[in-house]
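Structural overview for review
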Amino acid sequence: LSFYYGANGADNLSAPFGNSKIISMQVLELDRADEDALGIKLGYDFGSLGVDKLSAYLFYARFDTPDSGNNASPDATEIDFDLQYDLGGWFELCSIRLRHAIINQDEDVGGEDFTDSRVYLLYKF
């Protein structure tokens, strides 16, 4: 279980190489000017239940920005679901990861609600 909090000043954050954000989710991240964010993440490794290579997490965050002025932008929430399985045998360097995000944004300030689903096939070399 992890808790996150972050706040930005009057300028947007820019990290052209790598990721230096306090909260970085599947779609949203704490990078807008005058933005405050709170997050909670619950992860679990299913090894204790006999499924050694399966893990999952649920991640929720709320991003708040000003409603008016130069830095006004849509407030947003995101819920991420993540399921990962590390393969074995001949494919021990491979894993599969399923991700789904639900994003809700204030529509009165130009935001929109949408979902984002992804499948990752990973090979470690």
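Our structure is the block above this text.
What counts and how
- Residues numbered from 1 in each chain as written.
- Predicted model: local features only at pLDDT ≥ 70, side-chain atom pairs only at ≥ 80, totals over all residues.
- Heavy atoms only, no water.
- Core = buried A, V, L, I, M, F, W, Y, C linked by side-chain atoms within 4.5 Å.
- Buried < 20%, exposed > 50% of the residue type's maximum accessible area, 1.4 Å probe, protein only.
- Helix = DSSP H or I, 4+ residues; strand = E, 2+ residues; numbered from the N terminus.
- Contact = heavy atoms within 4.5 Å.
- Salt bridge = Lys/Arg side-chain N within 4 Å of Asp/Glu carboxyl O.

**A few points about the nonpolar core**
Ile23, Met25, Leu28, Leu30, Ala37, Tyr57, Phe59, Ala61, Phe63, Ala76, Ala101 and Ile103 together form the largest nonpolar core, which totals 12 residues. Counting residues per element, the ones that place at least two in this core are strand 3 (54–64) and strand 5 (94–105). Counting residues per element, this core draws most heavily on strand 3, which supplies 4 residues. Setting aside chain neighbours within four positions, we find Ala37 in contact with Tyr4, Tyr5, Gly6, Ile23, Leu30, Arg62 and Phe63.

**Focus on the pattern of salt bridges**
Inspection of the entire model under this criterion finds 5 salt bridges. A salt bridge links Glu35 to Arg32, with the nearest nitrogen and oxygen atoms 2.8 Å apart. By relative accessible area, Glu35 is classed as buried at 0%. Among the residues examined, Arg32 registers a relative accessible area of 22% and is labelled partly exposed. Residue Arg62 is joined to Asp64 by a salt bridge in which the shortest nitrogen-to-oxygen separation is 3.0 Å. Given a relative accessible area of 37%, Arg62 falls into the partly exposed group. Residue classification places Asp64 among the partly exposed residues on the basis of a relative accessible area of 23%. Ionic contacts of the salt-bridge type, sharing partners, join the residues Asp82, Arg97 and Arg99 into one network.

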